[in-house]
Structure formats: C-alpha cells, structure tokens
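Observations on chain architecture
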Amino acid sequence: MTHPFRFALSAALALFPAAAPAIAQDTATPGGLAIELNDVAPSEKGCKLTFVAGNALPQSLSKVSFEFVLFDHKGLVERMAVLDFRDLPAGKTKVRQFDLPGTKCESVKSLLINDAPACVGEGVDKSACMTGLKTGSKSAVELKG
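Only a predicted model underlies this, so the values are computations on that prediction, with no experimental measurement involved.

Concerning the sheet that holds strand β4 (residues 77–84)
Pairing within the open sheet is mixed, and its 4 strands lie in the order β4-β3-β6-β8. Because the sheet does not close on itself, it has two edges, and the strands there are β4 and β8 (142–144). On average, each strand axis in the sheet is tilted by 25° relative to the strand beside it, whichever way the strands run. Looking at chain direction, strand β6 (residues 110–120) and β8 are connected through 3 bridges and run parallel. Its bridge partner being in β8, Ser110 is matched across the sheet by Glu142.

In structure tokens, the structure reads:
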C-alpha cells in the first residue's frame, strides 16, 4: 500500500517538468520579447549587467542586439552601448551578462532600450524585436523599452 504523502509528492514531482516551459514563456509577452534587468554589480572592468531574455515569438532569433542608453541620477546620458544578446530560440529564456568597462554601477540610475540594430531570424521582420517589447527590472536600476 502506498502512503498518501508519498503519492502526493510523486504526483507533484511528475508535474514539475511540465510546468518548466510555462515558466520560461511567462518572461516574454505573447508574440514578443521580454528583457529583464536582473542584476547590476561592480566588476573588475567596471559594471556587470545581468539580463534575463525571453522569446515568445513564433520564430527563433539567430542574432539580436539592443542599443542601450544609460542615464545617470541627474537624467543625463552617461553612455550608449550596443549589447549583443546572440541567439534567442523561440519559446526559450536565456541569461546574458555584459561588462561595461569604465562604468560605475552606482552612477547608473536607469537604462533605456533605444533600438534593436540586429533582429535576425528566418521569417522575422526587423521590427519584431522592438514591437511589443516587455521590459522590467529586479535591480535598483530601472529598465524602459
């Protein structure tokens, strides 16, 4: 005879893998991309930005890059940088990290995704990466699309 707790635990564990794809897809809006600034931390080179990127487009992206504008606490443009997120498969979530040499994390108040210079994939319109882009931040630095 099976103990009821053991049965409930087995049933819950059996369902967990099925929930994983749904969790990954929640980071991207239906039919679009989602970029979350997950962490901002000092590095040996300057400031390391950690992003979580989700692709809910029906197509995979073989190359995607975003032009970021960094603003300081006075609202002035500190710098602009194009960050290459490489590939983003359809229905997947990836973590990407970037070091910004010479940038002090404490001087960055917010980031703006200004454009997507590269948005490449089979059957993908160049504007697909910016259309319906969802942004968010779990750090003290705000991210806007």
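Section: the sheet that holds strand β5 (residues 93–101)
As summarised here, the arrangement of the 4 strands in space is β5-β2-β1-β7, forming an open sheet in which the pairing is mixed. On the outer flanks of this sheet lie β5 and β7 (134–137), each paired with one strand and no other. Across the sheet, the mean angle from the axis of one strand to that of its neighbour is 20°, orientation sign disregarded. Pairing analysis gives 9 bridges linking strand β1 (residues 33–42) to strand β2 (residues 46–55), with the strands arranged antiparallel. Bridging from a neighbouring strand, Val40 pairs with Leu49 of β2.

Topic: the state of the cysteines
Scanning the entire structure with this criterion turns up 2 disulfides. Linked covalently through their sulfurs, Cys47 and Cys105 form a disulfide whose S-S length is 2.1 Å. Disulfide Cys47 to Cys105: torsion about the S-S bond roughly 110°, handedness right-handed. Taken together, the positions of Cys47 in strand β2 and Cys105 in the loop between β5 and β6 put the pair 58 residues apart, joining distant regions of the chain. Classification of Cys47 as buried rests on a relative accessible area of 1%. Put simply, Cys119 and Cys129 are joined by a disulfide, and their sulfur atoms are 2.1 Å apart. Taking the sign of the S-S torsion, about 85° here, the bridge from Cys119 to Cys129 comes out right-handed. With Cys119 in strand β6 and Cys129 in the loop between β6 and β7, this residue pair connects regions lying 10 residues apart in the sequence. Like Cys119, the residue Cys129 is buried in the burial classification. Disulfides within the chain link the bonded cysteines, taken in sequence order, as 1-2, 3-4.

Examining the side chain of Ser65
Within the secondary structure, Ser65 is located in strand β3 (residues 63–71). Setting aside chain neighbours within four positions, we find Ser65 in contact with Val82, Leu83, Asp84, Phe85, Asp115, Ala116, Pro117 and Ala118.

Considering the confidence of the model for the chain
In the predicted model, the chain carries a mean pLDDT of 84, and 79% of its residues have values of at least 70. Across the chain, the secondary-structure element scoring lowest on mean pLDDT is helix α1 (residues 4–26), at 38, and the one scoring highest is β3, at 98. In this model residues 1–29 is a low-confidence stretch, pLDDT under 50, and it forms 17 contacts with partners more than four residues away in sequence or in other chains.

Quick notes on the pattern of salt bridges
Pairing is possible between side chains of opposite charge, provided their charged atoms come close. According to the stated counting rule, one finds 4 salt bridges in the structure shown. Residues Glu36 and Lys138 are paired through a salt bridge, measuring 3.9 Å at the closest nitrogen-oxygen approach. One end of the pair, Glu36, is in strand β1; the other, Lys138, is in the loop between β7 and β8, with 102 residues separating them in the sequence. The class for Lys138 is exposed, based on a relative accessible area of 61%. One salt bridge connects Lys63 with Asp84, and the closest N-O pair in it is separated by 3.1 Å. You can see Lys63 sitting in strand β3 and its partner Asp84 sitting in strand β4, a full 21 residues away along the chain.

Analysis parameters
The residue numbering used here restarts from 1 in each chain and proceeds along that chain's sequence as written. It should be noted that, the model being predicted, local features are given only for residues of pLDDT at least 70 and side-chain atom pairs only at 80 or more, the latter also being counted only at that level, while totals for whole chains, interfaces and linings use all residues. Processing note: side-chain calculations cover all non-hydrogen atoms of the structure and skip hydrogens and water entirely. What makes two strands pair is DSSP finding at least two bridges between them. Each helix is a run of H or I in the DSSP string that is no shorter than four residues. Each strand is a run of E no shorter than two, and both are numbered from the N terminus. Inter-axis angles, ranging from 0 to 180 degrees, are taken between N-to-C directions of lines fitted to C-alpha atoms, where helices are fitted over the stretch in contact. Any two cysteine sulfur atoms lying within 2.5 Å of each other are counted as a disulfide. Only protein chains enter the accessibility calculation, which uses a 1.4 Å probe; a residue whose area is less than 20% of its type maximum is buried, one above 50% is exposed, and one in between is partly exposed. The contact criterion used is simple: two residues touch if any of their non-hydrogen atoms lie within 4.5 Å. Confidence per residue, as judged by the predictor, is encoded in pLDDT with a range of 0 to 100. For this document, the term salt bridge refers to a Lys or Arg side-chain nitrogen within 4 Å of an Asp or Glu carboxyl oxygen.

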